[in-house]
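Each chain, letter by letter, is given below.
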Amino acid sequence: MTPALPGRTPWGQSYRIAFFMLYGTALIAASAWLLSCIYEVTPDSRAVVFQFGKPTRVANAGLLLTWPHPVDRVERVPAAERIMEREVRILRREQQLDLVNSWDRDGDAGAGAGYLLTGDEGVVQLDVRVFWRVSNPIRFALQRPHIDPLIDRLAERAAAVVC
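Residues numbered from 1 in each chain as written. Predicted model: local features only at pLDDT ≥ 70, side-chain atom pairs only at ≥ 80, totals over all residues. Heavy atoms only, no water.

Colleague: Would you take a moment to explain the overall build of the protein for this structure?
Modeller: Counting secondary structure elements, the protein contains five helices and nine strands. What you see in the protein, going N to C, is helices and strands ordered as α-β-β-β-β-β-β-α-α-β-β-β-α-α. Classification of the 163 residues of the protein by burial places 25% in the buried group. Residue pairs at least 24 apart in sequence account for 57% of intrachain contacts in the protein once pairs closer than 6 positions are excluded. Accessible surface computed for the protein: about 12200 Å², of which carbon and sulfur atoms make up 60%. (Helix = DSSP H or I, 4+ residues; strand = E, 2+ residues; numbered from the N terminus. Buried < 20%, exposed > 50% of the residue type's maximum accessible area, 1.4 Å probe, protein only. Contact = heavy atoms within 4.5 Å. Areas by Shrake-Rupley, 256 points an atom, 1.4 Å probe, with all protein chains shown as cover.)

Listed below in structure tokens is the structure:
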């Protein structure tokens, strides 16, 4: 009786199939990981590339090639030509009434919510929209979560100074 070759036995065939399945899965995962570093930057935006968490460069519109995820991270920001709009809702009466306690709404606090007193003793109610642009994309990418509250505070302060 001749000994069977290892690849010809049922166990050998199952090992061979498992090896090629694992090899194919590893190739697909590696190619997906390598292709994840190709980005398309649209014409109305820019991309800030962070390498190990530190901003290294700004890319304009077009195709962007970077290192894969643990090394580089890409964050898209609006281009300088794009005008952003923010509606400041903190000055509206509905928003001010939400900040007042329910038992104070019928009193003076509720009556004055959303109104500003002018220098000539007039009362105004403002609806403010702020239009702005991104001039420094790296600083914008680093401070993105703080931009909207900053615009609200600046608009509220400017409204109080004007009135």
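Moving on from the model shown.
Colleague: Sorry if this is basic, but what is going on with the packing of aromatic side chains here?
Modeller: Centre-to-centre distance and the angle between the planes together describe a pair of aromatic rings. Counted according to the given criterion, the structure contains four aromatic pairs. Each ring, one from tryptophan 11 and one from tyrosine 15, has its centre 6.3 Å from the other, and the planes form 40°; the classification is tilted. Taken together, the positions of tryptophan 11 and tyrosine 15, both in helix 1 (residues 10-35) and four residues apart, correspond to about one turn of that helix. Over the ring of phenylalanine 50 we find arginine 73; its NZ or CZ atom is 4.2 Å from the centre of that ring. (Phe/Tyr/Trp six-rings, centres within 6.5 Å; stacked < 30°, edge-to-face > 60°. Lys NZ or Arg CZ within 6 Å of the ring centre and 35° of its normal.)

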